[in-house]
Amino acid sequence: MNERLIQLSATPDEQPGGLSPAVCRRVQSRSRGPLPEFSPILREPSGLFIYTRETAMIEPTDILILKTVALYYTLQRVDIHRLCMPHTDDDGRTCRRHLNKLVKHGYLNKTAGEVVFQDRNGAPAPCYYPSKKGCEFLNSETKDERFLSVCTLTPNWQHLYHWLGVARFHVLLDQAVALQQEVSIENWLGEWDVADHHAATPEQKYKLFTLVRETPRLVTNADACFTIAYKGYRRGYYLEFDRATSGIGQIANSKTPGYAAMLEKGLHARHFPGAEKIPFRVLMISPSAGRRDALRTAIAKKAGAELWRFACQSDLKPETALHEPIIYGCDGEAQPLVKKLEGGKT
């Protein structure tokens, strides 16, 4: 999945779904309103989708919402409002109307937060995530098979705030890329992106889960991975999003062996096509500068320490994420995530 999926799909210029004018009139009368009209500037090639009473009610904004949630996995209403209808100023009423409609008809899933959300003064809020029906609808509209591999599992309520953090970093990275023309993000994979729905083991079922060694068992399971492309140069990154819920020593002891062994065996190649010959990096995002520096010190003593990079969450903004010196290694001064180059490939 990548940001290009955010482009809206639309039906062809003929009658919606290829239906006859008489059938369209019947569908329109049953839906108690006009059939949706899609803007020509938002069209992309798509197959014909047979309109039912439910689908006749789906508007372009609804499709954008479905695509956005499919891309980022877990989002709250405030996130969806900012991404899909930033120019509406009605305290979120319009966004809630769209979300309630999609949830009611099964095109979107909703789960309640049962933990303290720090950015809401402790008050939890509902989170939205993809549904199988919604992803099948997107696939039928766009003919993009990637929608069928989107995770539709209910996020564990204990880790819900964690997944919101990962999704918001993904959004921030896309926003940073949108501010310039030279850097792009490729091949984003989330932890729960599915490789084979029928597989029995996690290393076969999920694209990112990697069995590094059978005995003694050693696995890696990053929160996400992505490739940064810049002027012909590519490097892969695994993402570890830290919420300070585990001890510093526990993180250093449990996470470093798997990544060091992955590099040694070249197991990262399947996650970073086009960047498999370049040593990957592990980007650890921490909630504070003190926590970041403590992790730097602890991981510096471990095998594969040269792979790790660290950032403080408050330093990451769309304007600073790519080219400002806010990324640290285990030692040395801060560096940008992407160094600006004069000229071409390095």
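Whatever comes next refers back to the structure up there.
These remarks concern the structure in this document.

Conventions used here
Residues numbered from 1 in each chain as written. Predicted model: local features only at pLDDT ≥ 70, side-chain atom pairs only at ≥ 80, totals over all residues. Heavy atoms only, no water. Helix = DSSP H or I, 4+ residues; strand = E, 2+ residues; numbered from the N terminus. Contact = heavy atoms within 4.5 Å. Areas by Shrake-Rupley, 256 points an atom, 1.4 Å probe, with all protein chains shown as cover. Phe/Tyr/Trp six-rings, centres within 6.5 Å; stacked < 30°, edge-to-face > 60°. Lys NZ or Arg CZ within 6 Å of the ring centre and 35° of its normal. Core = buried A, V, L, I, M, F, W, Y, C linked by side-chain atoms within 4.5 Å. Buried < 20%, exposed > 50% of the residue type's maximum accessible area, 1.4 Å probe, protein only. Pairing = 2+ DSSP bridges. Axes fitted to C-alpha atoms, helices over the stretch in contact; angles between N-to-C directions.

**As for the overall build of the protein chain**
Logical step 1: When you go through the protein chain residue by residue, the secondary structure sums to nine helices and ten strands.
Logical step 2: The long-range share in the protein chain, meaning contacts at least 24 apart out of those at least 6 apart in sequence, stands at 64%.
Logical step 3: As displayed, the protein chain offers around 17100 Å² of accessible surface, 51% of which is attributable to carbon and sulfur atoms.

**Points about the packing of aromatic side chains**
Logical step 1: Going through the model one piece at a time under the given rule, you end up with twelve aromatic pairs.
Logical step 2: Relative to Phe-272, the ring of Tyr-238 lies with its centre 4.9 Å away and its plane at 65°, an arrangement referred to as edge-to-face. Taken as a pair, Tyr-238 in strand β8 (residues 233–241) and Phe-272 in the loop between α8 (248–265) and β9 (281–286) lie far apart in primary sequence, 34 residues in all.
Logical step 3: Grouped by ring-pair contacts, the aromatic residues Tyr-238, Tyr-259, Phe-272, Phe-280, Trp-308 and Phe-310 constitute a single cluster.
Logical step 4: We note Lys-133 situated over the ring of Tyr-107; from NZ or CZ to the ring centre the distance is 4.7 Å.

**Comments concerning the nonpolar core**
Logical step 1: Core analysis: the biggest nonpolar cluster contains 27 residues, and Phe-169, Trp-188, Phe-226, Ile-228, Leu-239, Leu-283 and Leu-316 have the highest contact counts within it.
Logical step 2: At the level of elements, α6 (160–178), β4 (183–190), β7 (224–230), β8 and β9 are the ones that each hand at least two residues to this core.
Logical step 3: Take this core: its biggest share by element is seven residues, from α6.
Logical step 4: Excluding its chain neighbours within four sequence positions, the residues that come into contact with Leu-316 are Phe-169, Leu-172, Ile-285, Ala-311, Ala-321 and Ile-326.
Logical step 5: The next biggest cluster of nonpolar side chains, apart from the first, holds 26 residues, and it includes Ile-63, Val-69, Leu-99 and Tyr-128.

**Observations concerning the sheet that holds strand β10 (residues 308–312)**
Logical step 1: The five strands are arranged β4-β7-β8-β9-β10 in an open sheet whose pairing can be described as mixed. A strand with exactly one partner marks an edge of an open sheet, and here the two such strands are β4 and β10. Here the average twist between neighbouring strands, direction ignored, is 25°.
Logical step 2: Bridge count for β7 against β8 is seven bridges, and the pairing is antiparallel. Across the sheet, the residue bridging to Phe-226 is Tyr-237, located in β8.
Logical step 3: Across the sheet, α6 lies against β4, β7, β8 and β9, angled at about 160° from β4, the strand it touches most.
Logical step 4: The strands touched by α8 within the sheet are β8, β9 and β10, with β8 carrying the most contacts at an inclination of about 155°.

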